[in-house]
Amino acid sequence: MKKEYIILAAAIVALGLYLVLRSSDRTHYEIPKIDAPDRERITGIEISGPSGTLVLKRHDDVWKSEPEGYPIDRSRIDGMLDALSGINVVSLVSEAGSYVQYELEPDKRVFVEATGGTEPLLKIEIGKPASTNRHTYVKLEGDGRVYQVSGNIRRTFDVEVSTIRDKKVMTIDRAAVTGLSFRAGGETLSLAKVTRPVEPADEGQAPAQAVTAWVTPDSTEADGTVVEGILGRVVNLQCDGFPEEGKELDMDEPSFTLIIQSSRPDTLSIYGQTGEKMFLATSSQCEFPFMLSEWKLGQIKKTPPEVMGQKDETE
């Protein structure tokens, strides 16, 4: 009996030592510190993965894809720069060299390289997000182990150029607009913005605030509600998409053109339908054709009679 107690006590001591050493082992492994680049140093980002290869370069303060030259949405670039400059390893996950369960095998992982000019700043392989969606599995350059970093950075970098292109195609300072011209159906209508004082209704009352009117060269007043509605849509115009790469476009003659006069003239031209309820368009502020939805087009494309508050006889 005494021998059994001695064996049991020895087993308990051995198990205790094993647990202590195992716990110590897990707790005291060294988390690598990444020398995360300052976001202002980053001038290039190359992404390769299941969605293909995407090369982004900074030109002054504008990021563009290469070689296409498409401007990239600023909020998407900011997300990438924040992720790269703030990358933080929080735990070691695996040293086994097996990557399938983390989607870090070559055909699943997303490889990202940040550069500053010609200098490589950071290389990282990105796997799937953890089940909590608050961390992401990654591999670091020259390190075969799997780590977790803060945040779901997979969705930040697993993108195609079509999903991150800048859709802002026109920005207008509304207060600076001095005139508008409409061309549609062989007709042209030009309007100038004027300010008219409003006389008080009763003698002795203070003058009412002046009002803005839109008038033709012969001083005929247009429908101000229609004009202001058009301006409200185009001052920060976002397109609804872009034509497919390599698709032949019919852009011989626009069916509608809007010219906005301010410190410089800006032009929006509408062409034919391309795709379901989508119309091809161009802007003097965007070097590539884009598409506007039928709904959005309906708020902008007004004939001269409609702008003047008359019934459009072409309907």
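Just so we're clear, the structure is a prediction, and the values are computed from it rather than from any experiment.

## Regarding the overall build of the protein chain
Broken down by element type, the protein chain carries seven helices and 17 strands. Here the protein chain holds 315 residues, and the buried ones make up 37% of them. Looking at the protein chain alone, contacts between residues at least 24 apart form 57% of all its contacts between residues at least 6 apart.

## Structural notes on the pattern of salt bridges
Taken as a whole and judged by the stated rule, the model has 16 salt bridges. Here Arg74 ties to Asp78 by a salt bridge, and the two come within 3.2 Å at their closest N and O atoms. Placement of the pair is Arg74 and Asp78 together in helix α2 (residues 74–85), with a separation of four residues, close to one helical turn. Classification of Arg74 as partly exposed rests on a relative accessible area of 34%. The exposure class of Asp78 is partly exposed, given its relative accessible area of 24%. Put simply, Glu141 and Lys123 hold a salt bridge, and the shortest N to O gap is 3.9 Å. Taken together, the residues span a long stretch of sequence, with Glu141 in the loop between β7 (135–140) and β8 (146–150) and Lys123 in strand β6 (residues 119–129) at a distance of 18 residues. Lys123 sits in the partly exposed class, given a relative accessible area of 27%. Taken together, the salt bridges that share partners define one network made up of Arg39, Asp61, Arg74, Asp78 and Asp82.

## A closer look at the packing of aromatic side chains
Under the definition given, this model contains two aromatic pairs. Aromatic side chains Tyr70 and Phe288 sit 4.9 Å apart centroid to centroid with 80° between the ring planes, which places their arrangement in the edge-to-face category. Residue Tyr70 is found in the loop between β3 (62–66) and α2, and its partner Phe288 is found in strand β17 (residues 286–293); the two are separated by 218 residues along the sequence. Pair check on accessibility: Tyr70 and Phe288 agree, each one buried. In this structure, Lys139 packs its charged tip against the face of Tyr99, placed 4.1 Å from the ring centre. Of note, Arg165 hangs over the ring of Phe288, and the distance from its end group to the ring centre comes to 5.6 Å.

## Some points on the state of the cysteines
Working definition of a disulfide: a covalent bond connecting the sulfur atoms of two cysteines. Going through the model one piece at a time under the given rule, you end up with zero disulfides. Here Cys239 is not disulfide-linked; the sulfur of Cys286 is the nearest cysteine sulfur, at 6.9 Å. Overall, the relative accessible area of 18% leaves Cys286 in the buried class.

## Concerning the pairing of strand β2 (residues 52–59)
Inspection of the sheet shows strand β1 (residues 44–49) paired to β2 by six bridges, in the antiparallel sense. Residue pairing for β2: Ser48 is matched across the bridge by Thr53. Joining the antiparallel neighbours β1 and β2 is a turn of two residues.

## Points about the sheet that holds strand β5 (residues 110–116)
The antiparallel open sheet is built from eight strands, whose spatial order is β3-β2-β1-β5-β6-β7-β8-β4. Edge positions in the sheet fall to β3 and β4 (89–94), since each has one partner strand and no second. When the angles between neighbouring strand axes are averaged without regard to direction, this sheet yields 30°. Contacting β1, β2, β3, β5 and β6, α2 runs over the sheet at an angle of about 90° to β1.

## Points about unusual backbone geometry
Pro67 follows Glu66 through a cis peptide bond whose omega is 10°. Position of Pro67 among the secondary structure elements: in the loop between β3 and α2. Positive phi values are uncommon outside glycine, yet Asp60 reaches one of about 55°. Residue position: Asp60 is located in the loop between β2 and β3. The exposure class of Asp60 is exposed, given its relative accessible area of 75%. Of note in this structure, Lys277 is not a glycine but carries a positive phi near 55°. Tracing the backbone shows Lys277 in the loop between β15 (265–273) and β16 (278–283).

The rules we used
- Residues numbered from 1 in each chain as written.
- Predicted model: local features only at pLDDT ≥ 70, side-chain atom pairs only at ≥ 80, totals over all residues.
- Heavy atoms only, no water.
- Helix = DSSP H or I, 4+ residues; strand = E, 2+ residues; numbered from the N terminus.
- Buried < 20%, exposed > 50% of the residue type's maximum accessible area, 1.4 Å probe, protein only.
- Contact = heavy atoms within 4.5 Å.
- Salt bridge = Lys/Arg side-chain N within 4 Å of Asp/Glu carboxyl O.
- Phe/Tyr/Trp six-rings, centres within 6.5 Å; stacked < 30°, edge-to-face > 60°.
- Lys NZ or Arg CZ within 6 Å of the ring centre and 35° of its normal.
- Disulfide = S-S within 2.5 Å.
- Pairing = 2+ DSSP bridges.
- Axes fitted to C-alpha atoms, helices over the stretch in contact; angles between N-to-C directions.

What is shown is where atoms sit, not what they do.
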